[in-house]
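# Residue-level structure breakdown
Take a look at the letters that make up each chain.
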Amino acid sequence: MSTQTLLQSLEQQIENLAREIEPIAHATAQQARFDVALFSTKGTRLREYLVEVRTNFAQLCQVVNENRSAQVAYVAERLVSQITALQRELATQTLRKADKQKEVKSSDFYSKLVEHQQYERRIIAMIEDRESQLGKLATFKEQQHMQKELAALEGRLMRCRQALIKIERSIERQERGF
């Protein structure tokens, strides 16, 4: 195969990679995606790495035209490694999305847990308030009404605690990977 044919094939591979990356090119990661030995880019978006691949391809074309064989080998090897790394990154995107969904679900459970713990504290405070008022009431009718309120609050507290138990079990199952 001629050098030009190889370069065209490599360029086609880069363009295919660019099309595959396009839907997620702007998505950011929390940290740089690749080792600095592989990419000099320290970005968190795939498009930034694709720009470096294209720059390296242009450099490869230049050193080929200048017949600098030692540099051709180095740049070509680096370029192939970068393309392979980007292809692997693309292949793992479905796994990354699944992990992210688990993280979101997990944080949802923890926020629900905190929310229900706050409900529980408020209901307990309301019960304590009603119990202290109960002894101060003068008429039997007022006491009966207060006892009904207390019974309703105790029912709410019981349901809240049951919800807390369910949430805690969900968190436990998720942490175990079920």
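The structure under discussion appears in the preceding block.
Attention here is on the structure that accompanies the text. All figures in this text were calculated on a predicted structure; none of them were measured in a lab.

What counts, and at which threshold
- Residues numbered from 1 in each chain as written.
- Predicted model: local features only at pLDDT ≥ 70, side-chain atom pairs only at ≥ 80, totals over all residues.
- Heavy atoms only, no water.
- Salt bridge = Lys/Arg side-chain N within 4 Å of Asp/Glu carboxyl O.
- Buried < 20%, exposed > 50% of the residue type's maximum accessible area, 1.4 Å probe, protein only.
- Core = buried A, V, L, I, M, F, W, Y, C linked by side-chain atoms within 4.5 Å.
- Helix = DSSP H or I, 4+ residues; strand = E, 2+ residues; numbered from the N terminus.
- Contact = heavy atoms within 4.5 Å.

## Structural notes on the pattern of salt bridges
- A complete count under the given rule lists 7 salt bridges for this structure.
- Taking the shortest distance from any N to any O, the salt bridge between E66 and R68 comes out at 2.5 Å.
- Using a relative accessible area of 39% as the deciding quantity, one classes E66 as partly exposed.
- Taking the relative accessible area as the measure of exposure, R68 reaches 33% and is therefore partly exposed.
- Through salt bridges with shared partners, one network takes in D129, R130 and E149.

## Regarding the nonpolar core
- Ranked by size, the top nonpolar core spans 23 residues in total, and within it L60, L79 and L86 carry the most contacts.
- Broken down by element, the residue count for this core peaks at 8 residues, all from helix α2 (residues 46-65).
- Setting aside anything within four residues of it in sequence, one finds L79 in contact with L10, I14, V53, N56, F57 and L60.
- Core analysis: the second largest hydrophobic core is formed by 6 residues, I123, I127, L153 and L157 among them.

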